[in-house]
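An overview of the molecular structure
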Amino acid sequence: MEQYIINGGCELHGSVPISGAKNAALGILPAVFLCQDTCRIENLPQISDVHNMLDILSSMGAHIRYLNKNAVEINTAHAQNLPTPYEMVRRLRASYYLIGALLGRFGKAEVALPGGCDFGFRPIDQHIKGFEALGATVQITEGGIVQAEAKEGLVGDSVYLDVVSVGATMNIMLAAVLAKGQTVIENAAREPHIVDLANFLNTMGADITGAGTDVIKIRGVERLRGCTYSIIPDQIEAGTYLALATATGGEVTVTGVIPKHLESITAKLSEMGAEVIEEDDSVTVRRSKNERLHRINVKTQPYPGFPTDMQPQFGVLLSLADGTSILTEGIYDNRFKYVNELRRMGAVATVDGRIAVFEGVEHLSPAPVRAPDLRAGAALIMAGLVAEGITVIDEVRYVERGYEDIVKKLRAIGADIRLVSHPDGEMLERAN
């Protein structure tokens, strides 16, 4: 078992290059199945979720060749429509995109229900609604296998999503690009990685308009071709480092970003008292650690609202703010597991359903903690870097799912953090 050992209390200074977007990559990689050709994917983040997805593609007959650390060539000419390996799929929430991609190419898909972080019930009913509108029959077996088939082929239709769903929007796009006729997705999600998936599919020869708005139109084409494509920078990774600098004090610049994607995050950092400086492809946050953060209220919403994946990081900031702050989770249930860990470090917070109330304290204290999920793990790193003394974080495998070279990047801006292997896989002892 691996752990992070953090000696906190120092300001952070320097620049952080931002990697490719995790959520874009996990939609784009299954999309290569839609062509029988070679695709070159660049700016691919080196994270465990991407490695797992590539392993799944390889197990289904895709030929994968690394060109460098962040670029791969994937040839799917001889890919087969095989049942996806359960042990691989259960580690990866985004594996459900294989359903849309396999339906689009083969007219049939058999994929185990996905795994990933556990922060509440995340149904795929809107995905199924879209597939059925295009002419597929879908059933879920007692063993948790999604079986989808379009015996007569997929045919475009209108789909109104009952709730704004990123996953359903992307999955329906994947299924519809080779369908006959036009598909219209109404009440579609608008996140940057949806636009990135649409741009990738269009580069392969698809005909998609409206991505980034709440109405997306997909006109089916007969075939797609290989292409070269570079993934957008990761909005959440960038936001995490900006929040880190706000928490610790100092001055940190994230480079290679799209500042517009960060507006909902940087607006809240400014409201809390940080100085935010935007350039063409970089954002800098500057703050003196001697000044208390201002209290604010935050509610997570679909893009362009405040992202749910930044909610735990802001929970740390609100723990340190001067006064009472309210954090409302508008997307998922049960995403406040990290609050118990913050309490171990001296945070004063109460949770009632989707609402957490933070009474800001002047400082956090080091403690042994455990990451309950990916973004919560990033939040606990933030807390450890703020607290003066040694903090030990268990279950860091969650963090490795979504942040490339996080220890290396943090050390480069002055953080004292190490990744260590705990002998014999023994869990860290701590008080209950």
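A quick note: this is a predicted structure, and the numbers were derived from the prediction, not measured. (Residues numbered from 1 in each chain as written. Predicted model: local features only at pLDDT ≥ 70, side-chain atom pairs only at ≥ 80, totals over all residues. Heavy atoms only, no water.)

**Thoughts on the environment of Met-382**
Among the secondary structure elements, Met-382 is positioned in helix H12 (residues 374–386). Judged by relative accessible area, Met-382 falls into the buried class, the value being 0%. Along the sequence, Met-382 and Ile-47 sit 335 residues apart, while their C-alpha atoms lie 19 Å from each other. Leaving out residues up to four positions away in the same chain, Met-382 has contacts with Ala-243, Leu-244, Ala-247, Gln-313, Val-316 and Leu-317. (Helix = DSSP H or I, 4+ residues; strand = E, 2+ residues; numbered from the N terminus. Buried < 20%, exposed > 50% of the residue type's maximum accessible area, 1.4 Å probe, protein only. Contact = heavy atoms within 4.5 Å.)

**Side note on the packing of helix H1 (residues 22–31) against helix H2 (residues 48–59)**
Viewed as axis vectors pointing N to C, H1 and H2 meet at an angle of 5 degrees, and their least axial separation amounts to 10 Å. Between H1 and H2, the angle is such that the two are roughly parallel. In this structure, H1 uses Lys-22, Ala-25, Leu-26, Leu-29 and Pro-30 to contact H2, whose residues at the interface are Asp-49, Val-50, Met-53, Leu-54 and Leu-57. When grouped by side-chain class, the residues that make up the contact of H1 with H2 number 8 nonpolar, no polar and 2 charged. (Axes fitted to C-alpha atoms, helices over the stretch in contact; angles between N-to-C directions. Parallel < 35°, antiparallel > 145°, perpendicular 65-115°, else oblique. Nonpolar A, V, L, I, M, F, W, Y, C, P; charged D, E, K, R; others polar.)

**Some points on the sheet that holds strand E9 (residues 158–160)**
Pairing is mixed across the open sheet formed by 4 strands, whose spatial order is E9-E10-E12-E11. In the strand order of this sheet, the two ends are held by E9 and strand E11 (207–209), each with one partner. Ignoring strand direction, the axes of neighbouring strands in this sheet form an average angle of 15 degrees. As paired strands, E11 and strand E12 (residues 215–219) are joined by 3 bridges and run antiparallel to one another. Within E12, the position partnered with Ile-208 by the bridge is Ile-218. Contacting E9, strand E10 (182–186), E11 and E12, helix H6 (residues 166–176) runs over the sheet at an angle of about 175 degrees to E10. (Pairing = 2+ DSSP bridges.)

**Concerning the pairing of strand E14 (residues 250–255)**
In the sheet, strand E2 (residues 12–17) pairs with E14 via 6 bridges, with the strands oriented parallel. Considered in E14, the bridge of Gly-14 is made with Val-252. With 6 bridges joining them, E14 and strand E16 (residues 282–287) adopt antiparallel strand pairing. Bridge pairing in E16 places Glu-251 opposite Arg-286.

**Some points on the side chain of Asp-49**
Mapped onto the fold, Asp-49 is located in helix H2. On the basis of relative accessibility, which here comes to 1%, the residue Asp-49 falls in the buried class. At 2.7 Å, the side chain of Asp-49 forms a polar contact with the side chain of Arg-401. Residue contacts for Asp-49: discarding those within four places in its chain leaves Lys-22, Leu-26, Arg-91, Leu-92 and Arg-401. (Polar contact = N/O pair within 3.5 Å; in protein donor to acceptor, adjacent residues only side chain to side chain.)

**What to know about the state of the cysteines**
Enumeration according to the criterion identifies 0 disulfides in this entry. Lacking any disulfide linkage, Cys-227 is separated from the closest cysteine sulfur, that of Cys-39, by 4.5 Å. What makes Cys-227 buried here is its relative accessible area of 11%. (Disulfide = S-S within 2.5 Å.)

**Digging into the pattern of salt bridges**
In total, this model carries 18 salt bridges according to the counting rule given. Where Arg-40 meets Glu-42, a salt bridge forms, and the shortest distance between an N and an O atom there is 2.7 Å. By relative accessible area, Glu-42 is classed as partly exposed at 25%. In this structure, the salt-bridge partner of Lys-409 is Glu-237, at a minimum N-O distance of 2.7 Å. Remark: Glu-237 occurs in helix H8 (residues 235–248) and Lys-409 occurs in helix H14 (residues 406–412); sequence separation between them is 172 residues. Side by side, Lys-409 and Glu-237 carry an identical accessibility label, which is buried. Through salt bridges with shared partners, a single ionic network connects Lys-22, Asp-49 and Arg-401. (Salt bridge = Lys/Arg side-chain N within 4 Å of Asp/Glu carboxyl O.)

**Notes on the pairing of strand E22 (residues 355–359)**
Side chains of E22 alternate between two faces, with Ala-356 and Phe-358 buried and Ile-355, Val-357 and Glu-359 left unburied. Sheet topology note: the strand E20 (residues 324–328)/E22 ladder contains 5 bridges and is antiparallel. Of the residues in E22, the one forming a bridge with Leu-327 is Ala-356. Between the end of strand E21 (residues 348–352) and the start of E22, which pair antiparallel, lie 2 residues, with Gly-353 showing a positive phi angle near 65 degrees.

**With respect to unusual backbone geometry**
Here Tyr-303 and Pro-304 are connected by a cis peptide whose omega angle stands at 15 degrees. Secondary-structure assignment places Pro-304 in the loop between strand E18 (297–299) and helix H10 (311–320).

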